[in-house]
Amino acid sequence: MPLSDNEQRLLDEIEQALYAEDPKFAAYVRSARARSRTRRSAVLCGLGVLAGLALVLVGLVANIIALSVIGFVLVVGACGYAVQLLRGRNNTATAPAGSTSAAAARPGGLKSRMEDRLRRRFDSE
């Protein structure tokens, strides 16, 4: 059952007040939502690949070329969507210096150390 316009407006106001009051909690909730969406999408990609492979095999065994083509298209589509998910995740990991992503804040890695050194060099000038 969808919310009415008034209920949706009240919910948005409550959400904005919560974000203004506790930004750490808001950031945690946002990252948890993103992780659960990514995990769900990855599972769907895996199921799409498996279903596509099953259609290809059934089409080959039953000698139905159209079924094999549909299975192949499903496999390619699921793999393409998975690559898109991975690219999106990598783009947030290589966000600019002002970002608050967890990957950007994580220490270690040659790239992050080099970026830190370069940033310190320009900040000191």
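Since this is a predicted model, take the numbers as computed values, not measurements.

K.L.:
Looking at this model, I keep getting lost on the overall build of the protein. Mind explaining?
P.N.:
Across its full length, the protein holds 5 helices and 0 strands. Across the protein, helices and strands are ordered from the amino to the carboxyl terminus as α-α-α-α-α. Looking at the protein as a whole, 11% of its 125 residues qualify as buried.

K.L.:
Sorry, what's going on with the packing of helix H1 (residues 5–21) against helix H2 (residues 23–61) here?
P.N.:
Any two packed helices are characterised by how steeply their axes cross, that is the angle between the axes, and by the distance between the axes. Here H1 crosses H2 at 120 degrees, and the two axes come no closer than 5 Å. Contacts between H1 and H2 involve Glu15, Leu18, Tyr19, Ala20 and Glu21 on the former and, on the latter, Pro23, Phe25, Ala26, Arg30 and Arg33.

K.L.:
How do you make sense of the side chain of Ser41 when you look at a structure like this?
P.N.:
Residue placement: Ser41 occurs in helix H2. Note on Ser41: relative accessible area 15%, which makes it buried. Apart from the residues within four sequence positions on either side, Ser41 is in contact with Tyr81 and Leu85.

K.L.:
In this structure, what is going on with the state of the cysteines? I would like to understand it.
P.N.:
The bond known as a disulfide is covalent and runs between the sulfur atoms of two cysteines. Taken as a whole and judged by the stated rule, the model has 0 disulfides. Free cysteine Cys45: the closest other cysteine sulfur is in Cys79, separated by 8.1 Å. Residue Cys45 is classed as buried on the basis of its relative accessible area, which comes to 6%.

K.L.:
Is there a simple way to explain a nonpolar patch on the surface in this structure?
P.N.:
A contiguous nonpolar surface patch, about 500 Å² in accessible area, is contributed by Val43, Leu44, Leu47, Leu50 and Leu53. Structurally, the position occupied by Leu47 is in helix H2.

Parameters and conventions
Residues numbered from 1 in each chain as written. Predicted model: local features only at pLDDT ≥ 70, side-chain atom pairs only at ≥ 80, totals over all residues. Heavy atoms only, no water. Helix = DSSP H or I, 4+ residues; strand = E, 2+ residues; numbered from the N terminus. Buried < 20%, exposed > 50% of the residue type's maximum accessible area, 1.4 Å probe, protein only. Axes fitted to C-alpha atoms, helices over the stretch in contact; angles between N-to-C directions. Contact = heavy atoms within 4.5 Å. Disulfide = S-S within 2.5 Å. Patch = residues over 30% accessible without salt bridge, like charges linked within 9 Å, V, L, I, M, F, W, Y side chains within 5 Å. Areas by Shrake-Rupley, 256 points an atom, 1.4 Å probe, with all protein chains shown as cover. Salt bridge = Lys/Arg side-chain N within 4 Å of Asp/Glu carboxyl O.

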